Structure formats: C-alpha cells, structure tokens
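Listed below, chain by chain, are the residues.
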Amino acid sequence: METIIETKNLTRAYGKLKALDGVDLKVERGEWISVLGPSGSGKSTLLHLLAGLEPPTSGSIRVAGKDLGALGPDELAELRRDRIGLVFQQFYLIPYLSAVENVMMSQYFHSMSDEGQAMDALRKVGLSDRARHLPSELSGGEQQRLCIARAVVNEPEIVLADEPTGNLDEESQDRVMDLLRELHGEGRTLILVTHDAEIGRMGERRIYLNHGRQVEVHTAHQEMEEMFEDEILEALWKSDEDGIEKIDSILRHVIGSKELVARLRKSGFLQPKPEMVLTEIGRKRARALVRRHRLAEKLFLETFEVDRDQMQSSACQFEHILAADVVNHICAFLGHPEVCPHGKAIPKGECCGLNGPTGTRD
Ligand code: ADP
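This one's a predicted model, so the numbers in the text were calculated from it and none came from an experiment.

Trainee: What exactly am I supposed to notice about empty space enclosed by the protein here?
Mentor: Space left empty within the atom packing is revealed by a probe, the size of a water molecule, rolled over the atoms. As enumerated under the stated definition, the model contains one cavity of 30 Å³ or more in all. As a volume, the largest cavity reaches approximately 40 Å³. As for the largest cavity, its lining consists of A121, K124, V125, I148, A149, V152, L179 and L183. Within the residue set of the lining of the largest cavity, elements represented by two or more residues are α4 (115-124), α5 (140-152) and α6 (170-185). Examining the composition of the lining of the largest cavity, we find that three residues originate from one element, α5, more than from any other. Within the lining of the largest cavity, the residues separate by chemical class into seven nonpolar, no polar and one charged.

Trainee: What am I meant to see in the nonpolar core here?
Mentor: Nonpolar side chains tend toward joint burial in soluble globular proteins. V103, L122, L146, I148, L180 and L192 are the most contacted members of the largest nonpolar core, which has 33 residues in total. Of all the secondary structure elements, the ones that give two or more residues to this core are α3 (99-109), α4, α5, β7 (158-162), α6 and β8 (189-193). Among the elements that take part in this core, α5 stands out by supplying six residues, more than any other. Those residues in contact with L180, other than ones at most four positions away along the chain, are I148, V159, P164, L190 and L192. Ranked by size, the runner-up nonpolar core spans 29 residues in total, among them I5, L20, L79 and V193.

Trainee: In this structure, what is going on with the sheet that holds strand β2 (residues 17-28)? I would like to understand it.
Mentor: Through backbone hydrogen bonds, the strands of a sheet pair up, either in parallel or in antiparallel fashion. Read from one edge of the open sheet, four strands run β2-β1-β4-β5, paired in antiparallel fashion. Where the open sheet ends on each side, the last strands, each with one partner, are β2 and β5 (66-67). Direction of pairing for strand β4 (residues 58-63) relative to β5: antiparallel, over a ladder of two bridges. In the strand pairing of β5, V63 is matched with K66. Lying over the sheet, helix α1 (residues 43-50) contacts β1 (3-14), β2 and β4, oriented at roughly 120 degrees with respect to β1.

Trainee: I would appreciate a short explanation of the pattern of salt bridges in the present structure.
Mentor: Close approach of charged atoms allows side chains of opposite charge to pair. As enumerated under the stated definition, the model contains 22 salt bridges in all. Between R188 and E186 there is a salt bridge, with the nearest N and O atoms lying 2.7 Å from each other. The class for E186 is partly exposed, based on a relative accessible area of 38%. In this structure, the salt-bridge partner of D230 is R285, at a minimum N-O distance of 2.9 Å. Of this pair, D230 sits in helix α8 (residues 220-242) while R285 sits in helix α11 (residues 280-303), and the two are 55 residues apart along the sequence. On the accessibility criterion, D230 (7% relative accessible area) is buried. In this structure R285 comes out as partly exposed when scored by relative accessible area, which is 35%. Several salt bridges converge on common partners, so that one network encompasses E2, R29, R83 and E157.

Trainee: Sorry if this is basic, but what is going on with the confidence of the model for the protein chain here?
Mentor: Do not read the fine detail of predicted coordinates wherever pLDDT is low. Looking at the protein chain, the pLDDT average stands at 85 and 88% of residues meet or exceed 70. The low-confidence segment residues 355-362, where pLDDT is below 50, has 16 contacts with residues more than four positions distant or belonging to other chains.

Trainee: For this particular structure, what's the right way to read the packing of α11 against helix α12 (residues 308-321)?
Mentor: Helix-helix packing: each pair is described by the crossing angle between the helix axes and the interaxial distance. Viewed as axis vectors pointing N to C, α11 and α12 meet at an angle of 140 degrees, and their least axial separation amounts to 8 Å. Taken together, the axes of α11 and α12 are oblique relative to one another. In terms of crossing hand, the pair formed by α11 and α12 is right-handed. Contacts between α11 and α12 pair L289, R292, H293, A296, E297, F300 and L301 from the former with R308, M311, Q312, S314, A315, C316, F318 and E319 from the latter. Of the residues in the contact of α11 with α12, the class split is eight nonpolar, three polar and four charged.

Trainee: Could you clarify how one ought to interpret the pairing of β8 in this entry?
Mentor: Put simply, side chains in a regular strand alternate between the two faces of the sheet. In terms of burial, β8 is largely enclosed, as five of its five residues are buried. Burial along β8 is two-sided: the face carrying T189, I191 and V193 and the face carrying L190 and L192 are both buried. Taken together, the four bridges between strand β3 (residues 32-36) and β8 define a ladder with parallel strand orientation. Bridging from a neighbouring strand, V35 pairs with V193 of β8. Pairing geometry for β7 and β8, over five bridges, is parallel. Its bridge partner being in β8, V159 is matched across the sheet by L190. For the crossover that starts at β7, traverses α6 and ends in the parallel β8, the hand is right-handed.

Cut-offs and rules
- Residues numbered from 1 in each chain as written.
- Predicted model: local features only at pLDDT ≥ 70, side-chain atom pairs only at ≥ 80, totals over all residues.
- Heavy atoms only, no water.
- 1 Å grid on protein atoms, 1.4 Å probe; cavity = no way out; pocket = protein on both sides within 12 Å on 5 of 7 lines; lining within 4 Å.
- Points joined across faces, edges and corners; volume = space filled by probe spheres on them.
- Helix = DSSP H or I, 4+ residues; strand = E, 2+ residues; numbered from the N terminus.
- Nonpolar A, V, L, I, M, F, W, Y, C, P; charged D, E, K, R; others polar.
- Core = buried A, V, L, I, M, F, W, Y, C linked by side-chain atoms within 4.5 Å.
- Buried < 20%, exposed > 50% of the residue type's maximum accessible area, 1.4 Å probe, protein only.
- Contact = heavy atoms within 4.5 Å.
- Pairing = 2+ DSSP bridges.
- Axes fitted to C-alpha atoms, helices over the stretch in contact; angles between N-to-C directions.
- Salt bridge = Lys/Arg side-chain N within 4 Å of Asp/Glu carboxyl O.
- pLDDT = per-residue confidence, 0-100.
- Parallel < 35°, antiparallel > 145°, perpendicular 65-115°, else oblique.
- Left-handed = near helix turned anticlockwise from the far one by under 90°.
- Right-handed = clockwise from strand over helix to strand, strands pointing away.

Laid out in structure tokens, this is it:
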C-alpha cells in the first residue's frame, strides 16, 4: 500500500478558534474515506488544507509525496491541476461559460483544451445534451454533475468532494454517488465530506471530526466484525432456547474460532473457561439484541405488512441500530407483545414493567 496523503498534527486556527486541531491522517492510494461531523466541526477546512487552498497554522501535509508547506503558490496550483479533482458544494462554475466551456476551462489550466475530451466527460456524467447550456440553466443536480465532469477531465488521482450531495433531490443524489463510486472503482483516492451518515457509510473508512478534533476512526471491517460478534451472541442466546443443533451451520462453524472466542472473552461477553457460556453482560447484550430483532420483526410484519423475507432482513439490520428508548416505544406501540411472528418469546424490557437485573437496560 502506498500512502498518498499524510497529515501530522494538522492545525488551522482562525484567531482563537481552532477550526482544525491536531489531525493525524494517513490515506492510502485508492482508498475511499468519509469525513463526518456536525456543522462547523472542521470538515471543509480539512479539505481546503488538503487541496493546498489555504495553509495550516501548524503541522504538516504531504500529498503524492510532496510536502505542501515547501511549495510556493505556483507549485501548489500545479499539484492541484495535475493530481487533484475538486468537487465542492459551492459549484464555482463560471456563469458566462457553457457547460462544455466550463469543462474546457479546467483543461485550459492544464494547458490543453480538447472539446472532444470535454464532451466525453460530459457524456460520462449524463450531460451531453446540456453541453451548450449556461450553469444558471442547469438544475442543482446537473450543476453538481458538471463539477464532477470538470474535476475529472484531467484524470486526477485524488478526488476531494465537499458535501457533493448537499441540497440535491434523491435521484440526483443517487446519480452523483454512482459517479463518485465509479471514480473510486477506477482506482482514484476519494475523500468525501458529508454530514449524511448513510452516504458516510459508503466509504471504506470513516473519520469523525468534532470541534476540529478527530474523535473516532471506524473501518467498515471493524463494524462488520462487531455485527458478527452480535450474531454470535444472539446464536448463543437462541441455543439456550432451541439447543445448539438449531444454530445456523455457518455460525456453528465459526463458534469454534479461537480468535473470535478470545475477542468475545476480552469484551467480557463470554465466561473465561471452558465452553461457550455467556457472562451476565453477554446475556444482557444478547437479550437486548434478540428483543430488538423480534420486536422489529413484529413491527415490520404486522404494522407495515412487509413480506416475511423482507421482515427477516430488515429486522437483521434494525437490531444493530435501534436505540434503547426507540425499542421501548416500539414495544409499547405493539402492546408489549409476548411472542414474535415465529412464535418465540420476546424478552421483556423495562417498558413492560420489568425491573431488576434480568430486565433489559440495553
Ligand atoms: P464544517 O465543514 O465541518 O461545517 P468548517 O471547516 O467550514 O466546518 O468550519 C470549522 C470552523 O471554522 C467553524 O467554526 C467556522 O466558522 C470556522 N471557519 C471556517 N473558515 C473560516 C474563516 N475563513 N474565517 C473564520 N472562521 C472560519
């Protein structure tokens, strides 16, 4: 793996306010990173610094092997032109040039204007029939796609996108995301700023900013592992109900994995020795998962009347994301049901009037 972007202790202050505060980031070539965080957390500032559009107050940035701090304005512009495609929310399109001319303008800075190539870029984003229109004659989604055409016409290795789907309707959002996914598929490095968790999840790695500080890095892989651990805990809970032989054969196979067992023990979910027995904490977590899953099944099947297959898959997703108080609301809404659509017992919660150590406090 080759590191294409690296920041060390990256800080940008505006007066007393630290828009970015000591961010260490390493990006490998071809990675897709989502930068998430509330408004004002420093996401755009990070992109501006990575693009060399403004200098850091302290710390360093290396992009494609170059230390940005050591480059003058011309060299920074050259780096941007040759290596970086910018897709920013404020479109920065030139209002008196047509769509194809806007793309050609970007080529011009690259010292070669080629209308055929510019038209190819427009075709790629589905705008060939809008080539002669001015930006003001295009919809928000079309303007954003024009920005993508302009950003990629010079085949940049790195694409920096700042809220590329902000203010777009759902269909335009999907088109823009398809285009970005395609760019990533071609091997480009993509750094995408968004406040939308769903779009953020599309990245291979997520960086969360809060008050300019990096608070958490989550990989899709880690999340998968955590979800998988939950599956195991649930399977163990169900094995108490139905016996181990009723557990799905794949899960039964991995239950033998030493690494997985070690991880579950380390998290305090499994008893130290010898066989697969849940601890009190493990039982509590498993119980909460089973409760969420079965309540979600009941809600989907009986209230939303989705079919059984869909009920199953939706419940599998919802059991990982429902917050405890939402679960209690669902339970109350359904009248604190005793059994799920499969006839299995739904563990009681606090909302059902159950207290004490066996109650769910998930
Ligand atoms: P985000 O993109 O997460 O919404 P920004 O990076 O735009 O956040 O801003 C981070 C903080 O820095 C905000 O408090 C913002 O007001 C401040 N800020 C950004 N740019 C400037 C600037 N040019 N001058 C002064 N303050 C700024």
